[in-house]
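Observations on the three-dimensional arrangement
Spelled out, the chains give:
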Amino acid sequence: MGKNELLEKIAFNVIQGRLEAEDEGFDEGLEGKPAVTELVKEAIEQELDPKIIVLKGLTEAMEVVGKKFEGEDYLIPDMLASAECVGTAMDLLSDHLAGAGVEGKGKFIIATVAGDLHDIGKNIVAIMLKGAGYEVIDLGTNVPTEQIVEEVKKHQAPYLGLSALLTTTMRVMGEVIEKLTEEGIRSKVKVLIGGAPTSQEFSDQIGADAYCKDAFQSIDVLKALAS
Amino acid sequence: MLDKFREGVLVKPYERLSLEQVKWLDEASMQILADPGIWCYNERAAKLFKKHGADVREEREGYSTCWRVSFSSGLIKEAVAQAPSRFVLGARKPENRLLLDALVPRVYFGSGSEANVWIDVEMEPFASINNPDIQVKVPIFHKRRGDSSLLCRAARLCEQLEHLDFFIRPLNIQDPEVTSKNHDVNKFFASLNNTTKHVQAGLTETESLKDVVRMAEIIAGGPQALKENPIISFITCVFKSPLQLVDDTTEKVFGVVETGLPIVISSSPQGGSSAPIQEAGMVAQINAEILAGITLTQLIREGSPVLYGSVPVRARLDDLHDMYGCPEFNQYNIDCVQMARFYEVPCYSTAGVGDAKVPGMQATFEKLFTHLHMAMSGAQYIHYAFGLLDRTNSFCPVQAVLDNEQIGKIKHCLRAARVEPSVVDDMLKTIRKVMGSPHRLYARHSRKAMHAGEVSSPYRFETKEWKDNVLENALEYMKQLEKEAPPYLDQTTVEQIFNEIPGLLPGLRQTVS
């Protein structure tokens, strides 16, 4: 397969949301044909420029996906499927990108706070941000405040996302921010919060940097913070 | 085998009555038909009943002659058994045909009644007295007298409502040029020129039948084509409850049955005035009336396609008006669906009428109450389901749009469960795959079902903001639907109809350019 054809196929499969060969996609007859995982591996084997793979194969395809979502041709599951393809491709490419001197958009630590086991929203944000080019470190659910702060310190992460679904656990987000302040690293990390019971008002109250009502807003917020 | 027809929704029927109770009601109906029997005001029917062994006695009642007819259960059952349990209601577009099968609970929803009033809804802004910055839009309702142009508009709108399976004229045409002589041809032409779905109506004059059938033959492509694809059918309210066979409607039954086109034998007694208010009495009586009507159709022409038309209503006990939005209405109607199934005759049933005069919470509640119950009952053909308000006195187009959304949800809700080995295997595979992923999310695995339309969508008229904009959103959606090109008949067909059929209003003559 030629290099251009390979890039086109990667982009096509990102738009189709086909992660692996066994995935169906939208069009008939795709099942069993190489998808993003197989195609990116082949691209690496053929020594395609990883920057070109990211730009032509992934980024441009995600722009198409974004437009389809705005046009309501795609819904959340479609966006997630495509984002997951990009995230996986980025994992496969990460060493090669570093070797090529390309930096990611930064580390994003994400966690559901202590006392809360809910993670649907958190997982969606994680997939979307990974698909958007961030290095996502997902700490999981019911994560103690101390551990969250330790991970921020350890990874020197510029971004922290906190999630809670329960009205009883949302206050823990404030405790995390207090702990970051106590440890003297509050100014080094931007804290984004989200989850059903949270709001802009609550975000202001606990001193977070941003409230995100959904995954899309988290991407917008991060773009704004980076500029 | 019919290759194209509207899917409707196949349901697993909800039944109120046990088989034993159905048999008790059947026996009660047979007893009613034997004694007191029926009061027949049509001589042809009386003679026909007598010829087939009924006990018929002539009586004088005031200025008119009446024949008291007592039936044996054998006569009734033999005749009803001749009625076909399966037939097709045709349509201009093959994919809009309906497959009626008494033994298959495939549910179709359509419009109905012949309301005199059309209700327009406008949203008018109002500002708070305390704070003029706070504004809300409030619906203002305008009544209009029904006419042929509004009937055309109703048919065009109903063409666009995806969950409306058949069209019964929802509006009476009261143009100054419309008389009883040309009422039927204009009513049918306005409907047939503006929808490709099955068209059904009653007849104002028996004499119009010939012209209406000829019009349908021209559209269908000739007499044989109309037989194979009956794009029209007729409703006859043959009984005046209790138990009185009306003279002129009975003549219409003779006329329609002789054409071979499908007919509804409909009865609409009111529990508490023209029928017992108690469930058992109401259902025994309406069932007796409908069976006598079906018997008549089969004695006129064996095997003629007929629908068991049950429209039992309840009286309000404060003013004796019809009452549709009450539990008894559902009970009577579900029982009737079961009776029709027992006799293996497709059922024309009733849902979606309410007592509310305008769109709003009462209308939604009352309509959902019957839309859902009657769909659950497995009635094959549910009329009155779109746009009717104020009992059956008004048709409101935006209400039809709201009903369409509600019925769509109900159709979705009642679809058969897809649980079978291959599906379960696929699900197990998906569960294992998701549990092996870091995020344990099923979202990406929802895509196939989502894009195949297997998954329902959010309520079409919901508002994201903290307010209820349903009516406003529905009006906006209605405007979009009304921009769609009308499905007019081609010019040659219209020319032929106008040349052959007298009495058509020139204003109805739109054609495809």
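Report on the accompanying structure. (Residues numbered from 1 in each chain as written. Chains lettered and ligands numbered in written order. Predicted model: local features only at pLDDT ≥ 70, side-chain atom pairs only at ≥ 80, totals over all residues. Heavy atoms only, no water.)

Scanning the model with the defined rule gives 16 aromatic pairs over all chains in all. Consider the rings of tyrosine 348 of chain B and tyrosine 381 of chain B, whose centres lie 5.8 Å apart with planes at 20 degrees: the pair is stacked. Within this pair, whereas tyrosine 348 of chain B is found in strand β20 (residues 347-350), its partner tyrosine 381 of chain B is found in strand β21 (residues 381-383), the two being separated by 33 residues in sequence. The rings of Phe108, Tyr134 and Tyr159 of chain A are connected pair by pair, giving a single aromatic cluster. The side chain of arginine 68 of chain B reaches across the aromatic face of tryptophan 39 of chain B, ending 3.9 Å from its centre. Geometry around phenylalanine 498 of chain B places arginine 509 of chain B over its ring, the cationic atom sitting 4.6 Å from the centre. (Phe/Tyr/Trp six-rings, centres within 6.5 Å; stacked < 30°, edge-to-face > 60°. Helix = DSSP H or I, 4+ residues; strand = E, 2+ residues; numbered from the N terminus. Lys NZ or Arg CZ within 6 Å of the ring centre and 35° of its normal.)

All right, on to the sheet that holds strand β3 (residues 55-61) of chain B then. All names here are of chain B. Spatial strand order, β3-β4-β2-β14-β13: 5 strands in an open sheet with mixed pairing. A single partner strand is all that each edge strand has here, and the edge strands are β3 and β13 (239-240). Relative to strand β14 (residues 244-245), strand β2 (residues 38-40) runs parallel, the two being bridged by 2 bridges. Within β14, the residue paired with cysteine 40 across the bridge is leucine 245. (Pairing = 2+ DSSP bridges.)

As a further point, take the layout of surface pockets. One way to see where empty space is left: roll a probe the size of a water molecule over the atoms. Residue and element names in this part refer to chain A. Volume-wise, the second largest pocket comes out at about 1000 Å³. If you list the elements that add at least two residues to the lining of the second largest pocket, you get α3 (50-70), α4 (76-99), α5 (120-131), β2 (135-138) and α9 (215-226). For the lining of the second largest pocket, the leading source of residues is α3, giving 9 residues. Partitioning the lining of the second largest pocket into residue classes produces 15 nonpolar, 7 polar and 12 charged. (1 Å grid on protein atoms, 1.4 Å probe; cavity = no way out; pocket = protein on both sides within 12 Å on 5 of 7 lines; lining within 4 Å. Points joined across faces, edges and corners; volume = space filled by probe spheres on them. Nonpolar A, V, L, I, M, F, W, Y, C, P; charged D, E, K, R; others polar.)

Moving on, we come to the pairing of β2 of chain A. Sheet faces and side chains relate simply in a regular strand, where the side chains alternate between the two faces. Residues and elements named next belong to chain A. When strand β1 (residues 107-112) meets β2, the two strands line up parallel, connected through 4 bridges. In the strand pairing of β2, isoleucine 109 is matched with isoleucine 137. This β-α-β element, β1 to α5 to β2, shows right-handed connectivity. (Right-handed = clockwise from strand over helix to strand, strands pointing away.)

Residues and elements named next belong to chain B. Burial of the side chains of β20 extends over both faces: Cys347 and Ser349 are buried on one face and Tyr348 and Thr350 on the other. In terms of strand pairing, strand β17 (residues 306-310) meets β20 through 2 bridges, oriented parallel. In the strand pairing of β20, tyrosine 308 is matched with cysteine 347. Sheet topology places β20 next to β21; 3 bridges connect them, and they run parallel. Bridged to threonine 350 within β21 is histidine 383. With helix α11 (residues 361-377) bridging β20 and the parallel β21, this β-α-β connection has right-handed handedness. (Buried < 20%, exposed > 50% of the residue type's maximum accessible area, 1.4 Å probe, protein only.)

In this section: the packing of helix α12 (residues 397-413) of chain B against helix α15 (residues 470-482) of chain B. Residues and elements named next belong to chain B. At their nearest, the axes of α12 and α15 sit 9 Å apart, and the two run at 100 degrees to each other. Looking at the two axes, α12 sits roughly perpendicular to α15. In this structure, α12 uses Pro397, Val398, Val401 and Leu402 to contact α15, whose residues at the interface are Val470, Leu471, Ala474, Leu475, Tyr477, Met478 and Leu481. Across the contact of α12 with α15, the residue classes tally to 11 nonpolar, no polar and no charged. (Axes fitted to C-alpha atoms, helices over the stretch in contact; angles between N-to-C directions. Parallel < 35°, antiparallel > 145°, perpendicular 65-115°, else oblique. Contact = heavy atoms within 4.5 Å.)

Turning our attention to the pattern of salt bridges. When charged atoms on two side chains of opposite charge get close, those side chains can pair. Following the criterion strictly, the structure yields 53 salt bridges over all chains and no others. Residue arginine 444 of chain B pairs with glutamate 84 of chain A through a salt bridge whose shortest N-O separation is 3.4 Å. Note that arginine 444 of chain B is positioned in the loop between α13 (421-435) and α14 (447-451) and glutamate 84 of chain A in helix α4, a pairing that runs across two chains. Among the residues examined, arginine 444 of chain B registers a relative accessible area of 13% and is labelled buried. What makes glutamate 84 of chain A buried here is its relative accessible area of 13%. Two residues, lysine 130 of chain A and aspartate 91 of chain A, come together in a salt bridge whose shortest N-O distance is 2.6 Å. Within this pair, whereas lysine 130 of chain A is found in helix α5, its partner aspartate 91 of chain A is found in helix α4, the two being separated by 39 residues in sequence. In this structure, a network of salt bridges that share partners links the residues Glu20, Glu22, Asp23 and Glu84 of chain A together with Lys433 and Arg444 of chain B. (Salt bridge = Lys/Arg side-chain N within 4 Å of Asp/Glu carboxyl O.)

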